[in-house]
Amino acid sequence: MQVKCALCEKICQLDDQSAIAKRLKNRPIHTYLCDSCHKRISERTRARWATGKFTLHPPSHSSKKKVGRS
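Bear in mind the structure is a predicted one, so any value in this text is a computation, not a measurement. (Residues numbered from 1 in each chain as written. Predicted model: local features only at pLDDT ≥ 70, side-chain atom pairs only at ≥ 80, totals over all residues. Heavy atoms only, no water.)

Re helix H2 (residues 35-51)
To keep it simple, the criterion reads: Note on conventions: DSSP H or I runs of at least 4 residues are helices, E runs of at least 2 residues are strands, and numbering of each starts at the N terminus. Expected helix span is computed as 1.5 Å times (number of residues minus one). The buried label goes to any residue with under 20% of its type's maximum accessible area, the exposed label to any with over 50%, and the partly exposed label to all in between, with areas taken from a 1.4 Å probe on protein chains only. Starting at the helix axis, one direction is taken to each C-beta atom, and the arc is that of these directions.
Between its terminal C-alpha atoms H2 stretches 25 Å, which fits the 24 Å expected from 17 residues at 1.5 Å a residue. Turning to H2, its buried residues are Cys37, Ser42 and Thr45. The arc that holds the buried residues of H2, viewed along the axis, is 125°, so those residues lie on one side. Structural note: H2 exposes Asp35, Lys39, Arg44, Arg46, Ala50 and Thr51 on the side pointing more than 90 degrees away from its buried face. The first or second residue beyond H2 is Gly52, which carries a positive phi of 85°.

See the structure below:
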């Protein structure tokens, strides 16, 4: 299976029976990151966590608008 990295657009070859390939086939909203991009992002995230100023915000549910009858 050929996949393209979402950040650098590098085309990679995955085994069709691998867990990553199955996840991408069954849930197309998931994106693929090549090893170098994944490593770079995880290193930077760990560095931000180490500063102590990194906070995770819960997803806001205000984006779901209720439609009322008029």
